[in-house]
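# Descriptive analysis of the structure
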Amino acid sequence: MIFCSLEFSIFFIFFFVLYWLVLNNNLRLQNLLVLIGSYIFYAWWDWRFLSLLIGSSILNYYIGIYLSKSEDDKKRKFFFILGLIQGIGWLILFKYFNFFIDSIIDAFLMFGINVNIHTINLILPLGISFYTFRTLSYLIDINSGKIKPTNDWVVFFSYVAFFPSLISGPIDKAGSLIPQLEKKRIFDYNQVSNGARQILWGFLKKAVIANNLVSTTDFIFKEYQTVSGSTLVVGAFLYTIQIYADFSGYSDMAIGFSRMIGFNSTKNFASPLFSKNIAEFWKKWHIS
């Protein structure tokens, strides 16, 4: 399920009505709806990987509590390292394992050595980077004393799986999003309307600009051997616009949907294409 789909539009309308009209006076049930809605949103892509998301939430929930309660430095360090290993380990396994294997094979082939190592046919779980970074930042902030762990599992699980930013960011830190989940949200017409405007602006960038540039840039780079140098320069420029509009547009929509249900998400792009230098560009691109 993606933001620009009919399925998501229907899903969010039902969610919005239940959230504000039915459960408006019950914070616990609102958070539970956020959690259930996030799991439905994620399972729509592939329900089999929902268990990985839930498992990661359970493990990090208890590690966070143990980190806070443990007075033994060795135990505390053990739990912290365990949390880091399991988070980074999943990323390496699903995103980089086959890349490392292929690199090793290619390196041996350079010396004429044929290494019989097989890669694994793995499907990359949707949004694994984003929810893993959330759990890692949660544990790091607890370990450094910046935040206290939440004892409300619904709040923590909702933080990890928060559907507006689950598959593309922004990556809201625990110190920002968890307090918002713990605090009663009140319907604010101005906030909802501002969120709707940001969704429309993001939709314009993602669906109108980025999606319509795909066919042009794909053609130019597919035929790079036959097109002129000036055409390649134009293609590179259009591809830059395409990538920015795609990522920034989706982030704008995520922030807009968050606002419509009472949350303020982290700003993710700050006009990076107007940066004066690479350092400024880096700070303004994918900020979270």
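Residues numbered from 1 in each chain as written. Predicted model: local features only at pLDDT ≥ 70, side-chain atom pairs only at ≥ 80, totals over all residues. Heavy atoms only, no water.

### Brief notes about the overall build of the protein chain
Scanning the protein chain for helices and strands turns up 10 helices and 0 strands. When burial is assessed residue by residue, the protein chain has 45% of its 288 residues classed as buried. Sequence separation of 24 or more characterises 72% of the internal contacts of the protein chain that already satisfy a separation of 6 or more. When the accessible surface of the protein chain is totalled, it reaches about 16,100 Å², and 66% of it is carbon and sulfur. (Helix = DSSP H or I, 4+ residues; strand = E, 2+ residues; numbered from the N terminus. Buried < 20%, exposed > 50% of the residue type's maximum accessible area, 1.4 Å probe, protein only. Contact = heavy atoms within 4.5 Å. Areas by Shrake-Rupley, 256 points an atom, 1.4 Å probe, with all protein chains shown as cover.)

### Considerations on empty space enclosed by the protein
If you walk through the whole model with that rule in mind, you get 1 cavity of 30 Å³ or more. Every residue along the wall of the largest cavity is listed here: Leu52, Ser56, Asn60, Gln86, Gly87, Trp90, Ile128, Tyr131, Thr132 and Thr135. Here the lining of the largest cavity takes 4 residues from helix α5 (residues 128–143), the largest share from any one element. (1 Å grid on protein atoms, 1.4 Å probe; cavity = no way out; pocket = protein on both sides within 12 Å on 5 of 7 lines; lining within 4 Å. Points joined across faces, edges and corners; volume = space filled by probe spheres on them.)

### Thoughts on the confidence of the model for the protein chain
Overall, the prediction assigns the protein chain a mean pLDDT of 83, with 83% of residues at 70 or greater. Taking the mean pLDDT of every element in the protein chain, the minimum, 69, falls on helix α10 (residues 278–284) and the maximum, 94, on helix α6 (residues 153–161). (pLDDT = per-residue confidence, 0-100.)

### Observations concerning the nonpolar core
Of all hydrophobic cores here, the largest spans 56 residues; its most connected members are Phe8, Phe12, Phe41, Tyr138 and Tyr159. Not counting the four nearest positions on each side in its chain, phenylalanine 8 is found in contact with Met1, Ile2, Phe3, Phe41, Phe163 and Phe257. (Core = buried A, V, L, I, M, F, W, Y, C linked by side-chain atoms within 4.5 Å.)

### Quick notes on a nonpolar patch on the surface
Residues Leu29, Leu32, Ile36, Ile40, Trp44 and Trp153 make up a contiguous nonpolar surface patch of about 560 Å² in total accessible area. Ranked by the residues each element gives to the nonpolar patch, the list is headed by helix α2 (residues 27–46), at 5 residues. Among the structural elements, leucine 32 can be located in helix α2. (Patch = residues over 30% accessible without salt bridge, like charges linked within 9 Å, V, L, I, M, F, W, Y side chains within 5 Å. Salt bridge = Lys/Arg side-chain N within 4 Å of Asp/Glu carboxyl O.)

### What about the side chain of asparagine 60?
By secondary structure assignment, the location of asparagine 60 is in helix α3 (residues 50–69). A polar contact of 2.7 Å, which involves the side chain of asparagine 60, links it to the backbone oxygen of serine 56. Beyond its immediate chain neighbours, meaning those up to four positions away, asparagine 60 contacts Gln86, Thr135, Tyr138, Leu139 and Phe156. (Polar contact = N/O pair within 3.5 Å; in protein donor to acceptor, adjacent residues only side chain to side chain.)

### Some thoughts on the pattern of salt bridges
Considering all chains together, one arrives at 3 salt bridges under this definition. Between arginine 28 and aspartate 152 there is a salt bridge whose closest N-O contact spans 2.7 Å. Residue arginine 28 is found in helix α2, and its partner aspartate 152 is found in the loop between α5 and α6; the two are separated by 124 residues along the sequence. Where lysine 206 meets aspartate 246, a salt bridge forms, and the shortest distance between an N and an O atom there is 3.5 Å. Here lysine 206 is found in helix α8 (residues 189–222), whereas its partner aspartate 246 is found in helix α9 (residues 229–260), with 40 residues between them in sequence.

### Focus: α5
Spanning 16 residues, α5 covers 22 Å between terminal C-alpha atoms, matching the ideal 22 Å at 1.5 Å per step. The buried fraction of α5 amounts to 13 of the 16 residues, a majority that puts the element mostly inside the structure. Glycine 145 sits one or two positions beyond α5 and adopts a positive phi of about 85°. (Expected span 1.5 Å × (residues − 1).)

### Some remarks on the packing of helix α1 (residues 6–22) against α2
Interhelical geometry of α1 versus α2 gives an angle of 170° and a closest axis separation of 10 Å. As the angle between them shows, α1 and α2 are arranged roughly antiparallel. Residues Glu7, Phe8, Phe11, Phe15, Leu18, Tyr19 and Trp20 of α1 lie in contact with α2, whose contacting residues are Gln30, Leu33, Val34, Gly37, Ile40, Phe41 and Trp44. Of the residues in the contact of α1 with α2, the class split is 11 nonpolar, 2 polar and 1 charged. (Axes fitted to C-alpha atoms, helices over the stretch in contact; angles between N-to-C directions. Parallel < 35°, antiparallel > 145°, perpendicular 65-115°, else oblique. Nonpolar A, V, L, I, M, F, W, Y, C, P; charged D, E, K, R; others polar.)

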